[in-house]
Amino acid sequence: MRAAVLRTQVNAAARRPGRLILTGLAILVASFVVFGTVLAQQITEQTARDNLSGTPAATDLVIGGPEQPPPTLEALRRIRAVPGVAEAVGRLDTGVSFGESYLNLRSDPGAGPLSTVRLVEGSYPDGPGELAVTRRTAERLGLSVGTVTSGTGGELTTPARLTVTGLVETADDAGYDGYAPATAVAEWAHLTELSRVDLRVAPGESAETVRQRLAAALPADLPIRAGDEVRQEEADAAAEQVGKLFALVAMFVAVAVAAAALVVTSTFRIVFAQRMRQLALLRAVGADRGSLVLALTVEGAFTGLVAGAVGVLAALGLGHALPAILRAFGLAVSSPGVPLAAAVAVVIGAVVLTVLAVLAPAFSAARVAPLEALRAASTTAGRRGIGAPRLVTGLLLAAGAALAGGTAASRLPTPEQESYDPSPVLLLLVASGALAFFALVSLGPVLVRPVLATVGWPMRQFGPIGRLAVGGIGGAPRRAAAVSVVVALGVTLISGVAIGSASLRVLTDRELALSAPADFEVTSSDGGALPSAVVTRAEAAGGALARVVPYRRVADVTLVRGGDRLGGAESGYPTTDLDLAALSSTDRLDVAQGTLADRGPGRIVLGSWVARSTGLRAGETAALALAGRTVEVRVAAILPDHGPLHAGILAAPGDLDRLGVPAAYTGLLADPARSGEEGRTAGVQALRQAIAGSDGVGLAVLADERDRNDAVLGTLLWIAAGLVSLTVLIAVVGVGSTTALSVVERVRESGLLRAVGLSRAGLRGMLTAEAGLYGSIGASIGLLLGIPYAWLTVKALGVNAPLVLPVLPVIGLFAALVVLTALAGVLPARRASRVSPVAALGTEG
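Right, let's walk through the structure included here.

Quick notes on the rules
Residues numbered from 1 in each chain as written. Predicted model: local features only at pLDDT ≥ 70, side-chain atom pairs only at ≥ 80, totals over all residues. Heavy atoms only, no water. Pairing = 2+ DSSP bridges. Helix = DSSP H or I, 4+ residues; strand = E, 2+ residues; numbered from the N terminus. Axes fitted to C-alpha atoms, helices over the stretch in contact; angles between N-to-C directions. Contact = heavy atoms within 4.5 Å. Core = buried A, V, L, I, M, F, W, Y, C linked by side-chain atoms within 4.5 Å. Buried < 20%, exposed > 50% of the residue type's maximum accessible area, 1.4 Å probe, protein only. Phe/Tyr/Trp six-rings, centres within 6.5 Å; stacked < 30°, edge-to-face > 60°.

Describing the sheet that holds strand β22 (residues 667-672)
Here is step 1 of the chain: The strand order across the open sheet built from four strands is β13-β22-β12-β23, with neighbouring strands paired in antiparallel fashion. Two strands bound the open sheet, and with one partner strand each, they are β13 (545-551) and β23 (697-701). Averaged over all neighbouring strand pairs, the angle between strand axes comes to 20°, with direction disregarded.
Here is step 2 of the chain: Sheet topology note: the β13/β22 ladder contains six bridges and is antiparallel. Its bridge partner being in β22, Val549 is matched across the sheet by Leu669.
Here is step 3 of the chain: Relative to β13, helix α17 (residues 532-540) is tilted by about 155°, and along the sheet it contacts β12 (520-524), β13 and β22.

Here's the deal with the nonpolar core
Here is step 1 of the chain: Counting 68 residues, the largest nonpolar core has Phe272, Ile473, Val491, Ile730, Val735, Ile777 and Leu817 as its most contacted members.
Here is step 2 of the chain: At 11 residues, helix α23 (residues 760-796) tops the list of elements feeding residues into this core.
Here is step 3 of the chain: Dropping the residues within four chain positions of it, Leu817 is found in contact with Val487, Val491, Val728, Gly775 and Ala779.
Here is step 4 of the chain: Counting residues in hydrophobic clusters, the runner-up holds 39 residues, among them Val96, Leu105, Ala189 and Leu214.

Topic: the environment of Ala816
Here is step 1 of the chain: Considering the arrangement of structural elements, one finds Ala816 in helix α24 (residues 807-824).
Here is step 2 of the chain: A residue is classified by how much of its surface remains accessible, and Ala816, at 33% relative accessible area, is partly exposed.
Here is step 3 of the chain: With 37 residues separating them in the primary sequence, Ala816 and Ala779 have C-alpha atoms 9.7 Å apart.

Things to note about the sheet that holds strand β2 (residues 85-91)
Here is step 1 of the chain: The sheet built from four strands is open, its strands ordered β2-β10-β1-β11 with antiparallel pairing. The sheet is open, and its two borders are formed by β2 and β11 (224-226), each paired with just one other strand. Put simply, the sheet's adjacent strands are angled 25° from each other on average, direction ignored.
Here is step 2 of the chain: Along the sheet, helix α4 (residues 73-81) contacts β1 (61-63), β2 and β10 (196-201); its crossing angle with β2, the most-contacted strand, is approximately 165°.

Here we look at the environment of Gln41
Here is step 1 of the chain: Structurally, Gln41 is set in helix α3 (residues 25-51).
Here is step 2 of the chain: Sequence-wise, Gln41 and Pro336 are 295 residues apart; in three dimensions their C-alpha atoms are separated by 8.6 Å.

Topic: the packing of aromatic side chains
What describes a pair of aromatic rings is the distance from one ring centre to the other and the angle between the planes of the rings.
Here is step 1 of the chain: Applying the stated criterion to the full structure yields two aromatic pairs.
Here is step 2 of the chain: Each ring, one from Tyr573 and one from Trp609, has its centre 5.6 Å from the other, and the planes form 65°; the classification is edge-to-face. Taken as a pair, Tyr573 in strand β16 (residues 573-576) and Trp609 in helix α18 (residues 608-614) lie far apart in primary sequence, 36 residues in all.
Here is step 3 of the chain: Take Tyr573: its relative accessible area is 1%, and that puts it in the buried class.
Here is step 4 of the chain: A relative accessible area of 30% places Trp609 in the partly exposed class.

Here is the structure:
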């Protein structure tokens, strides 16, 4: 009997492949995501290996290496004399200071297979004191072909002549790079050692034979490695970072897989409920519960097998097609392999996951009584409530989540706390979040009705269709809870990323407003005063510079009160009279105490580290002291960390005058008059003209660092948002499959509604609105969980980030989830509306 039941269920599933795929659609998507992640990692790692190595592909052998004795120029000459060596190129780099500028001078042959640059203008250097620069370097440093200057570098301490002979292009133009042959660089900088030597073997020669000849001609402690080996090491170093990134990706993929399991469990409950009469007939003819559980479990395994295989094949096809398409557009993207072991593992995992997901619905369906076969309908109404054990379990889980969350909140760092380890608090929050999610799974059917009463109110205002949609959701709370919980999980993660990214973005802006309050900074190399002509010329460059803010900085100001010195700083605190009101970044500064608007003569602003050291608070008085002079001041505000340009004290110019600080400025900040790279380059050129002829005065482009930090942060936040969106994708798939299956279950209900006057458009609108309500319920619960957990996580990191609620992105997230889930129900709704009322009323169910 057991074999007959098993055969009946499997044959029935095989005869309806559409429903089979629909039932396992979440597993199909999960398999696609998991195997797609495997292929994405292969693509990324292989691309890194193919493109991120600094060693040219034509390099056959490399002599020298890190932490090894360096080859010398004499060794380079001997290498070139070895038979079978077609080309040998020395590699070295040294910093060069010329005038007020700095660049990194690298050795490169300038042409040929071992070159990493391409000449685009002028001629390539061929002697000492000549160099070629990149285009961005030329723009930033005000250089051009034919420019003659002098500088120092390497072992060269007396300025020597430098001539720009050409412009080159490289794969990465940092804006401060120059190139010349190795012998020219070494002779000009008085260097005798190289970093390494790259060589190319002559055609027809064996690399191993040449290697043996080199070993005989060179010192024994000089390593000789194959070019492929060096390239692999360089690429592996880059690919290692990729591996760390995908370890993080795997965590989010695991969450998406768990979401898929919940969706599949809900889907099987619906499918089995639609077949209750059939299952009861099997019980009536002698099938026991064990036979039904086995048959339904095998059906689930078959579903997982088909869905997993389809998902893997789809990912494999896309994974190999996408790199080819990208290469056609000129992007250097490598293709993945065919990881058969991973493919088999994903399919087996899909089967196992589906079996685990089907067990609870299978045991529930197997409890059907044989008398159910006498029912006129083939389906049975789902249970609306939950049993006492599930209720108690859910309450205990909720209590555990609250306890863990409360403990984490009690251990959050205080502003005065100096030593703090975020790991225990973050682990408590993870545990609390996991317990809260499982509590939501247990208590979901109970929570649906009160949440529906709130989010469904606007829908009820749309007349009978809206009220019918709300009633349809409320009539099946277990089904609504199963789908909405997955939506809630995705919204919790995405809202957490949105809130966390907004908070970190504000924190980054505040930190950059302190470390890089303007795009440019001009200072003297010894910390002394700037020539007055530099400030005058900079202030006159109105066409290129929007604002110029000169300042004074003194390093040893102390704070005293009643003759007693405050704080433990032996040499005093760095103090500046920088005019915050003149800077465009001041509005991004945070204040721990007091207000920056109160700053002025006799009022100072302290960094928090100075406030902690001295014990001063906003509103208290003290005296600035320097070289025997004192000035009474009041603390106007305290910043969370340090002041702009790492100052500990910000004072008014008049107060520094009374302390006897010289009137000459020690630095200036400036912003370009125009945005973009052209405006920044014009600002750099204007400032270089302003400091021309002033020895020891340098220019720093602070905006470059700010741009790099912004790019890194933006990339990380987009990656995080993309990863958590996987869960939302699974949730939307779950809404679509649930709506499609519920349409089959409610054919008679749809027919009855049509018979009493509901139009096709009305029926479509009702079912689409129901699908949208799944998203509304899940998004509401997700935001209620995501916002507090995100805020707690931001505070637990201990990075002094503010708590920011990005209202518009959160509203947009809510609306997007409602729209996506509603769209997932459009096709099932159209299918239901095409069934005639007569045919619908004539069906069983």
